[in-house]
Amino acid sequence: MKVLRYLFVGIFFGIVLVKSEAVSWYRIIEMFKFQSFHMYGIIGSAVILGVLALWLMKKSGMKNTEGNSIHLVPKDKGFVRYILGGSIFGFGWALAGACPGPMYILLGTGVFSMLIVIAAAVLGTFVYGVLKDKLPH
Amino acid sequence: MDFLLKPWPWYVSGPLITLVMVFLVYFGKNFGMSSNLRTLCSIGGAGKYADFFRYDWKAYRWNLIVVLGAVIGGFIAVTFLSDGSAIDLNPQTIADLQQLGFQDAGATILPPEIFDWDAVFTLKGMAILIGAGFLVGFGTRYAGGCTSGHAISGLSNLQWPSLIAVIGFFIGGLIMTHFLLPLIFSA
């Protein structure tokens with residue numbers, strides 16, 4: 001039942017992000033104002049533990065459920081796309097107070113106006129795809 | 001069981017987010033929520049307009065299932081796992097936001113001044129939601145990932161591109177929060 005395991009991971013992710021308040025617009029603004037450690041604690045502890053977890057999984061020679069070695073596809077080399085694309089994303093993140101994960105989760109919490117944000121995000125992705133070859137990367 | 005209903009502290013939430021990534025990596029996948037936006041474009045037929053959307057999106061259906069789960073998770077969290085506590089924001093944040101016209105910051109997950117239908121169906125309100133969504137969608141694909149793909153997975157995998165992207169997230173977020181939000185909401 002592969003479908004079920006992804007469904008459960010998604011449900012778990014949704015619950016954690018609501019209970020951590022990371023889906024809150026207010027928490028994002030508070031973070032960008034450096035007025036609370038909360039969001040830095042969440043992201044920081046997730047990353048530190050993540051470094052350790054991935055290192056252990058690779059080091060131990062663990063195989064994934066497909067029978068392959070643990071491996072994350074590395075991102076392409078580059079600078080412009082990351083700094084520029086990242087900044088554009090940051091503008092939207094602070095304005096909507098939501099990144100792509102929370103957008104869906106917030107829909108589940110009953111904020112249906114988030115559908116407009118999601119539709120606009122799909123449009124933004126579409127426009128990027130069309131302009132891709134004309135943009136510096 | 002009471003602790004489940006209260007907001008979870010960062011040192012519980014952060015490690016649980018790591019667990020989400022670990023599960024997906026163990027399943028041979030990756031933790032990246034923004035890819036779904038591209039998948040949705042492809043399903044909608046965007047391949048007619050750009051090569052970028054011509055790929056085997058069916059191989060990414062698993063990620064849409066994660067999204068479906070996330071929506072359900074959001075519903076479960078507010079319906080069964082919340083005691084309605086306000087968000088324990090820094091009083092300074094609450095005061096700063098009040099100056100911009102946001103009342104009772106933290107009483108709800110999101111500010112009604114942006115997300116309630118009364119606000120949404122004004123020219124300004126609609127422009128804010130569409131603009132914000134567009135920037136997130138465009139920026140995340142340009143940067144090749146979002147908070148989950150770069151900030152959590154990418155940094156955990158010690159990738160330089162992800163660190164540059166996260167610095168970008170903060171450049172944009174800081175400019176928006178400190179310079180643009182006061183312009184957008186004080187008027």
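Description of the structure in this document. These figures come from a predicted structure and were not determined experimentally.

On to the overall build of chain A, then. A tally of regular secondary structure across chain A gives six helices and zero strands. Along chain A, helices (α) and strands (β) appear in the sequence α-α-α-α-α-α when read from the amino end. Taken along its principal axes, the extent of the C-alpha atoms in chain A is 45 × 40 × 35 Å. Counting only residues that meet the buried cut, chain A has 58% of its 137 residues in that class. Here chain A carries 13 positive and 5 negative side-chain charges, and the mean point of each set is 6 Å from the other.

A few words on the packing of helix α2 (residues 25–32) of chain A against helix α4 (residues 80–96) of chain A. Residues and elements named next belong to chain A. Running from N to C, α2 and α4 cross one another at 125°; their axes reach a closest spacing of 8 Å. As judged from the angle between their axes, α2 and α4 are oblique. Contact residues: α2 offers Trp25, Ile28, Ile29, Met31 and Phe32, while α4 offers Trp93, Ala94, Leu95 and Ala96. Residues belonging to the contact of α2 with α4 are distributed by class as follows: nine nonpolar, no polar and no charged.

Let us now look at the interface of chain B and chain A. Contacts between chain B and chain A engage 125 residues on the former and 108 residues on the latter. Taking both sides of the interface into account, the surface hidden between chain B and chain A amounts to around 10100 Å²; carbon and sulfur atoms contribute 80%. Area buried by chain B at its contact with chain A is led by Trp10, Phe27 and Tyr142 of chain B, which between them contribute 8% of it. Across the chain B-chain A interface, the total number found is one salt bridge. Linking Lys33 of chain A and Asp96 of chain B is a salt bridge whose minimum nitrogen-to-oxygen distance equals 3.3 Å. Examining the composition of the side of chain B that touches chain A, we find that 20 residues originate from one element, helix α10 (residues 160–186) of chain B, more than from any other. When the residues that make up the side of chain B that touches chain A are grouped by side-chain class, the tally is 84 nonpolar, 33 polar and eight charged.

Definitions and limits used
Residues numbered from 1 in each chain as written. Chains lettered and ligands numbered in written order. Predicted model: local features only at pLDDT ≥ 70, side-chain atom pairs only at ≥ 80, totals over all residues. Heavy atoms only, no water. Helix = DSSP H or I, 4+ residues; strand = E, 2+ residues; numbered from the N terminus. Buried < 20%, exposed > 50% of the residue type's maximum accessible area, 1.4 Å probe, protein only. Lys, Arg positive; Asp, Glu negative; His and termini not counted. Charge placed at Lys NZ, Arg CZ, Asp CG, Glu CD. Axes fitted to C-alpha atoms, helices over the stretch in contact; angles between N-to-C directions. Parallel < 35°, antiparallel > 145°, perpendicular 65-115°, else oblique. Contact = heavy atoms within 4.5 Å. Nonpolar A, V, L, I, M, F, W, Y, C, P; charged D, E, K, R; others polar. Buried area = accessible area lost by both parts, 1.4 Å probe. Salt bridge = Lys/Arg side-chain N within 4 Å of Asp/Glu carboxyl O.

By themselves, these are just geometric observations and shouldn't be taken as functional.
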